[in-house]
Every structure is written in structure tokens, then in C-alpha cells.
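Below, each chain spelled out in residue letters.
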Amino acid sequence: MVTGESLALRLDPNDNVAIARHALSRGSVLSGYAGVVVAADIPAAHKVAIADIEQSEPVRRYGQIIGFASQTIRRGQHVHTHNLAMGAYQRDHAFGADARKPEAAAEPATFLGFVRPDGRAGTRNYIGVVSTVNCSSSVTKLVVEHFSKAGMLDAYPNVDGVVPVTHSFGCCIDHNGDGVNQLRRTLGGYVKHANFAGVVVIGLGCEANQMGAMFLAQGIEPGRTTVPLVIQDLGGTRKTADAAIAAIEEMLPAANQCTRVPVSAAHLTVALQCGGSDGYSGITANPALGVAVDLLVAQGGTAILSETPEIYGAEHLLTRRAVSPEVGQGIVDLIKWWEDYADREKGSIDNNPTPGNKAGGLTTILEKSLGAVAKSGSSALMGVYRYAEPITARGLVFMDAPGYDPMGATGQIASGANLVAFTTGRGSCFGSKPAPSIKLATNSTMYARMRDDMDINCGDIMDGDATLEQKGKEIFEKMLAVASGEKSKSEELGVGNEETVPWMIGAQM
């Protein structure tokens, strides 16, 4: 619990900056820091120097380096983009040095899930309509609109809805290259997702991502609950939409027979996301989610950390928790790939944080990453996966992805996530289908302003009204409740039909 009367919070004894708990006015005196006087107005969640920092010296937050002073910084000054910059330094990867096996939970936790024939459990019971290519997206949406009309699903109370999975890719790429293979892996993960009782897959017919090749590559067998339709073969838009509607009408009675039953929390696979982060993210919502992750892992469940550019500068905290040298090296290899990629594209990994992140107090990707990794808790890292690769390990794992939230979440869902936990400080309105999203606010001000979008307020940690442990338990209990059918705020708003964004790699021709 955050306690004390100081206007700013130092997160580690070795830090030379503190975080403004509220907006600080020039002339304010920071108690507890030898009478540091604030030299200029400083926004809430931003950094204030609590010691003199000479040019080129490291600036520390969380006890870790978040950058280097680009000019001399005096006590009481605002520390941000004008005087803090990236810099190279060595990280101690120490593979496995801090890895620990989680203790089994004292009492087993359960949720009410939909058990599939292969033994997996879904948190929702949807029917999906999946596009192989952008050219079939409109037909896909026509089908979904049909079943969205009032009363269309009243006879099927156990079916949560008909969901579109559309995207902007699928053609003008190498027919056998990495790009189409990754797209097929992503779409295949959706087709086989535990939250779908049945799926209709719609293609145009002439696209690079051919239906037959995708099914073969992903081991998908056509049948009554997996129906492939090709617009050019069926005679156009209307005929294909009618065929898809007829196929779904045949699926609905069987889908409705599937009911929720108690299942172990080990069947939960949670995608960890943060977006619109601020200076409080690494103090409140992210570490609280980390506590919930440790509780989930203790139950035998799985959590997927992702977005490789957003662990940059904090990757050593993960390699030290790697269950094996091979897993630790997997993280190092991904970081090296992204460094080379940014160099090839004449870009910089430090282009992330975004303008919104910086307005919220985050200055460098090093700082952002240290807060982002807090979402992962303290459990051992059990595996490292490619984008949208099926997750087979239990516990905490990492999946490669860019730092764009919808793209990362799309890969995590394709990998098997049946729930999303999403922290935000600026106020993200993200939702995703077929996996419900729980949104965790980092600060009470934004939570009050965007209450319709936020599921849990973690700002009360900063306010001194809750501990990380209390909030982590609250988040874990919310996970179980939403997995059991309680609607998240994004679901109540109907958000989630437009958020499928595959990571498209390779040349577009």
C-alpha cells in the first residue's frame, strides 16, 4: 500500500527520481527527500529529480536504468524528454538466476466454462465467421449482421453470438512465404479457438491465402462445425451470404446444447496487454495484474506476455526467470531481431513510447518496458513462442509481437488466449472477440472519467486505499467471474468486432 505524506513516490532506494502522486506546483517541498524543492510545475505521474544527476549519468526508476541525462539535472527539476535520453548499457541476462517454481494453490479455483470435445474449455460460446482475405470481409459482416437482428438468437440462449473475424490482408504476398504462413497460423488459431462452437470460413477464391492451402497447413478438417465457402465458386456475394447463414442455422442447435460447467482455473489462458500507458502503470495496474498472474499460475493456468519492443530494456528481468537457458536465449534472440529490424528500417525502438505515453509521464522505451514487464508477476518463464503459435506450456510464457495492442492481442488470441487482461492509464477502449477483455485503470481520475469502459480501478493503490496483493486478488476473481459469463465493460458496449489485426510480415506486391 502506498503510504506517507510525500507528494512524490520513490520506487526503489537506488532511484534518483520520484513519481509525482499528483500534479506538483513550483515551490512545493517534497517531504522525505531532504527538502527537495520543486523547480517547475510537474504533471501528475511525471518524474522529479530527488538528487543532482550529471550529464550522461544514468537515471534510475524501479532501481533500474531508464535512460541517461542529456544535460545536467538538478534536484527538484522535471525529468522528461527535454533532459532524459536513451543510451547503451549492458544488461545481466543471468539465465534462470531468479526462476522459481510456483507453489500450488492451497485451494483450487474454478470457473464455469464450455468444455469442447478435445478437452479445452471456452469462456464464451460463439459461432465465428472468418475471412481468409480482405475481399471476403464484407460478406462476413453481412452474415453477422443477419444474426445481430433482434430475436434472431432468442431460441439459443447458450450461444453468445455470431462473431466476425475480418482483416485487411490475404493477397498480393508471396504464396509460400513467411507472411502468408504467419497469416494462416493466425487465422487457423481463430478457426480452432475454444471460444467457438462452430466456424464458417469465407474466401474470395483467387487470393494468395487459398482456402485449401490454409486448411492443410493448419490441420483444419471441413465438417458440420467448420464450413469453408468460396464466393467465386458459389456465385457471388448474396449466394455466399445465404449459404453461410444456412450453415450457421444448422450449427446453432448443437452449439446451444453446450452449457457451462465447473472447470479448473487451469483451463484459463490470459493474454496480458497494456495500452495508453502512463507513469502510474508500473506502480499500480501492471504489478497488481502481476499478482493475479502469480495466482493464476499457481492454479495451473497460463498467462501470455507479449509485444517484444515493450520488454526492451527489461528483457533481463525475464531471462533471469527463464526455466532453462534455451528459454532465456529465446528472449535474447527476439531482442536482437528487433534491434536489427529497427536498424534496417532506419527507425528506433525508442519511437515507442507514443505521444500519449509521453504525455502520461513515460519518457523512454526502457522506462515503459520496466513497467510493462510487471504484468508478468514473479513466476518462472516457461516458454518463448512465435506470433500466433499455439501455446503448449503451462504457466507464464512469452509470445513475439509488435507493440501495437490490437496486433499483439490478435496473436495471443490466435495462440489460445480465452481471456484478455488489459491495463491502461490514458484510457484505452479496447475489446476483443471471441476472448472477453477486462480493462484495468491505473489511476482513479481516468477511471472516474471513463467508468463505462473500465472494469477495475487500480488507482486506489496510489491513493493508499488498497495493496497490490488485495488488488491482484480482486483482478483474479474478476477473471474467474468474466470467464464464467459475467460481461466485461467492453462486451456491454459491443466492442470487439473490428479489433482483429494480424501481424503481416513480408513484401506486399
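Everything that follows concerns the structure shown earlier in this document.
Worth saying up front: this structure is predicted, and the values here are computed from it rather than measured.

The rules behind these values
Residues numbered from 1 in each chain as written. Predicted model: local features only at pLDDT ≥ 70, side-chain atom pairs only at ≥ 80, totals over all residues. Heavy atoms only, no water. Core = buried A, V, L, I, M, F, W, Y, C linked by side-chain atoms within 4.5 Å. Buried < 20%, exposed > 50% of the residue type's maximum accessible area, 1.4 Å probe, protein only. Helix = DSSP H or I, 4+ residues; strand = E, 2+ residues; numbered from the N terminus. Contact = heavy atoms within 4.5 Å. Axes fitted to C-alpha atoms, helices over the stretch in contact; angles between N-to-C directions. Parallel < 35°, antiparallel > 145°, perpendicular 65-115°, else oblique. Left-handed = near helix turned anticlockwise from the far one by under 90°. Nonpolar A, V, L, I, M, F, W, Y, C, P; charged D, E, K, R; others polar. Salt bridge = Lys/Arg side-chain N within 4 Å of Asp/Glu carboxyl O. Polar contact = N/O pair within 3.5 Å; in protein donor to acceptor, adjacent residues only side chain to side chain. Pairing = 2+ DSSP bridges.

Enquirer: Tell me about the nonpolar core, and name the residues and values.
Expert: Ranked by size, the top nonpolar core spans 104 residues in total, and within it Leu289, Ile475 and Met479 carry the most contacts. When residues of this core are assigned to their parent elements, the largest contribution, 7 residues, is made by helix H6 (residues 285–298). Not counting the four nearest positions on each side in its chain, Leu289 is found in contact with Leu272, Lys375, Ala421, Thr423, Leu440, Ile475 and Met479. Counting 24 residues, the second largest nonpolar core, distinct from the first, contains Val133, Val143, Leu204 and Leu252.

Enquirer: Can you tell me about unusual backbone geometry, naming the residues and giving the values?
Expert: For the bond from Lys433 to Pro434, the omega torsion is 15°, close enough to zero to count as cis. The phi angle at Tyr62 is positive, at roughly 60°, despite the residue not being glycine. Phi angles above zero are rare outside glycine, and Cys172 is one such case at about 60°. Its location among the elements puts Cys172 in the loop between strand E13 (161–165) and helix H2 (178–191). The partly exposed category is assigned to Cys172, whose relative accessible area is 43%.

Enquirer: Help me get a handle on the packing of helix H1 (residues 137–148) against helix H5 (residues 237–257), residues and values and all.
Expert: Between H1 and H5, the least distance of the axes is 9 Å, while the angle of their chain directions is 45°. Judged by the inter-axis angle, H1 sits oblique to H5. Our pair here, H1 against H5, has a crossing hand that is right-handed. Counting all contacts with H1, which are made through Val139, Leu142, Val143, His146 and Phe147, the residues of H5 involved are Thr237, Thr240, Ala241, Ala244, Ile245, Ile248, Glu249 and Leu252. By residue class, the composition of the contact of H1 with H5 is 9 nonpolar, 3 polar and 1 charged.

Enquirer: Before we move on, can you summarise the pattern of salt bridges with the specific residues and values?
Expert: Going through the model one piece at a time under the given rule, you end up with 18 salt bridges. Between Lys47 and Glu367 there is a salt bridge, and its shortest N-O distance comes to 3.0 Å. Taken as a pair, Lys47 in strand E5 (residues 47–49) and Glu367 in helix H10 (residues 365–373) lie far apart in primary sequence, 320 residues in all. We note a salt bridge from Asp98 to Arg320, for which the minimum N-O separation is 2.9 Å. Here Asp98 is found in the loop between strand E9 (84–85) and strand E10 (110–115), whereas its partner Arg320 is found in the loop between helix H7 (315–319) and helix H8 (325–344), with 222 residues between them in sequence.

Enquirer: Provide a residue-level description of the side chain of Lys471, including the pertinent values.
Expert: Note that Lys471 resides in helix H14 (residues 468–483). In terms of polar contacts, Lys471 uses its side chain to reach the side chain of Glu474, at 2.9 Å. When neighbours within four sequence positions are excluded, Lys471 is seen to be in contact with Ala288, Ile456, Asn457, Cys458, Asp460, Ile461 and Ala466.

Enquirer: Now, about the sheet that holds E9: what can you tell me, with residues and values included?
Expert: Reading across the sheet, the 3 strands line up as E6-E7-E9 and stay open at both edges, with antiparallel pairing between neighbours. In this open sheet, the two strands that pair with only one neighbour each are strand E6 (58–61) and E9. The pairing of strand E7 (residues 64–69) with E9 spans 2 bridges and is antiparallel. The partner of Phe68 across the bridge, within E9, is Ala85. Packing of H10 onto the sheet brings it into contact with E6 and E7, and relative to E7 it is tilted by some 165°.

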